[in-house]
Amino acid sequence: MDNSPSKKVWLKFKRNKLAFSGLIFILLLVLMGILGYIITPDSSPNANTQILPLNKKKPGSTFKFIILNKSPNVKEVGFFERMLSGQKSNVTSVPITSYRIVNNDVFITPYIGEEEKAKEIKYRLNEICPRCTPYSKLGTQATLFEMYNVYEKTYWLGTDIYGRDLLSRMILGIRVSLSVGLMAVLISLFIGVSLGAIAGYFGGRIDAAISWFMNVVWSLPSLLLVIAISFALGKGFWQIFIAVGLSTWVDVARLVRGQVMALKEVEFVEAARALGFSTSRTIIKHILPNIAGPILVVASSNFASAILLETGLSFLGFGAQPPMASWGSMIKEHYGYIIMDAAYLAVLPGLAIMLTVYAFNVLAIGLRDAFDVKGQNTTV
């Protein structure tokens, strides 16, 4: 039977049903974020297919479309490229209310609104459906046209103010939030662990200088600090990684400093010094592994904070720039509809933010209890 400390931590963590559910939810989000365009109903880059007549349609709305032409110049991308960047559509289609075929002509009534009816538009049948010949063995012209040029599409979460599929943009928003959270946590861990370990291990003036710097950064409101860094770096997706990471490292540094100060006088650290190990090896190989639990807890908590900061920046216009899908920018575009009949446009991304942040918070609590951070026993 495996009685290793990591096994005991895992078994204790699994008994916390709420924290374990939070982990499952996060893993599902990660899977959806990785698959990306493979599972989005709209696989065009940034899910930015705009159909203005279909703006603000309720969740579950279904519409009929007719393909008017296909472009042979659009390159078909491979599986992984499509998963990462999407596939540009090679067809031009329009929503319709009805159509009828008379001889070699097709008369289409475009959809322009619930209470308005557009005039019929006449097209030559063989121009928009070259395979719809009266001599085909596959069926009549009407059957072939229905097969090749007519399709239905359901908008499971409705459409936004530009007629874009909301579900597709919600899924792509997962990528933005999780990638910003991950990169910000990595940056904050690198800076926080480095400065905290140096301050805690050496003490004295080095500790005083680093602690003073930490207190200065700690005194600044996180959102204002991120906005200031964003002003300096410029608007953009990659700049958000740095801005959020530079504003969340203090929690890590304070924690690591205290843990290192508590451990640097214990026997195994004294033994490492007596054996002539370098300071960097003593810190990296002997001290940091013994405080991995608390670091993991604060990293999970910082992940939630980074997501909130990113959505706040996107709401203010400093985060991911249009047409990139971001939960914060989706709320910004639609918050005015909360008091109208399209509240779901802002509520759905807001609910996604709330559930994701809650999942990371309960995960942090579960890790804290599993690692017994408050009263943990240091192991050699």
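Residues numbered from 1 in each chain as written. Predicted model: local features only at pLDDT ≥ 70, side-chain atom pairs only at ≥ 80, totals over all residues. Heavy atoms only, no water.

### Notes on the packing of helix H2 (residues 17-35) against helix H15 (residues 344-371)
Keep this limit in mind: Helix axes use the C-alpha atoms of the stretch in contact, all axes being lines fitted to C-alpha atoms, and the angles between their N-to-C directions lie in the range 0 to 180 degrees. Helical segments are the DSSP runs of H or I of at least four residues, strand segments are the runs of E of at least two, and each set is numbered from the N terminus. Roughly parallel covers angles under 35 degrees, roughly antiparallel covers those over 145, roughly perpendicular covers 65 to 115, and oblique covers all other angles. Throughout, a crossing is termed right-handed when the near helix is turned clockwise from the far one, and left-handed when it is turned anticlockwise from it by less than a right angle. We call two residues contacting when some pair of their heavy atoms lies within 4.5 Å.
Interhelical geometry of H2 versus H15 gives an angle of 135° and a closest axis separation of 8 Å. One element, H2, and the other, H15, form an angle in the oblique class. In this structure, H2 meets H15 at a crossing whose hand is left-handed. Contacts between H2 and H15 involve Leu-18, Ala-19, Gly-22, Leu-23, Phe-25, Ile-26 and Leu-29 on the former and, on the latter, Leu-355, Thr-356, Tyr-358, Ala-359, Phe-360, Val-362, Leu-363 and Gly-366.

### A closer look at the state of the cysteines
As a reminder of what qualifies: We call a pair of cysteine sulfur atoms a disulfide when they lie within 2.5 Å. Only protein chains enter the accessibility calculation, which uses a 1.4 Å probe. A residue is then buried if its area is under 20% of the maximum for its type, exposed if over 50%, and partly exposed in between.
Under the definition given, this model contains 1 disulfide. A disulfide bridge connects Cys-129 with Cys-132, and the sulfur atoms are separated by 1.9 Å. An S-S torsion of about 60° defines the bridge between Cys-129 and Cys-132 as right-handed. Residue Cys-132 is classed as buried on the basis of its relative accessible area of 3%.

### Digging into the pairing of strand S1 (residues 61-70)
Quick reminder of the rule: Only strands that DSSP links by at least two bridges are regarded as paired with each other.
The pairing of S1 with strand S5 (residues 150-155) spans 6 bridges and is antiparallel. Bridge pairing in S5 places Lys-64 opposite Glu-152. Sheet topology note: the S1/strand S2 (residues 91-102) ladder contains 6 bridges and is antiparallel. Residue pairing for S2: Asn-69 is matched across the bridge by Thr-92.

### Focus: the packing of H2 against helix H6 (residues 166-202)
Note the threshold: For this classification, Asp, Glu, Lys and Arg are treated as charged, while Ala, Val, Leu, Ile, Met, Phe, Trp, Tyr, Cys and Pro are nonpolar and the rest, including Gly, are polar.
Between H2 and H6, the least distance of the axes is 8 Å, while the angle of their chain directions is 110°. One way to sum up the angle between H2 and H6 is to call them roughly perpendicular. Between H2 and H6, the contacting residues are Leu-29, Val-30, Met-32, Gly-33, Ile-34 and Leu-35 on the first element and Ile-171, Ile-174, Arg-175 and Leu-178 on the second. Broken down by class, the residue content of the contact of H2 with H6 amounts to 8 nonpolar, 1 polar and 1 charged.

### Notes on the confidence of the model for the protein chain
The following threshold applies: The pLDDT value tells you how sure the predictor is about a given residue, anywhere from 0 up to 100.
Looking at the protein chain as a whole, its pLDDT mean stands at 89, while 96% of the residues score no less than 70. For the protein chain, the element scoring lowest by mean pLDDT is helix H8 (residues 222-233), at 83; H2 scores highest, at 96.

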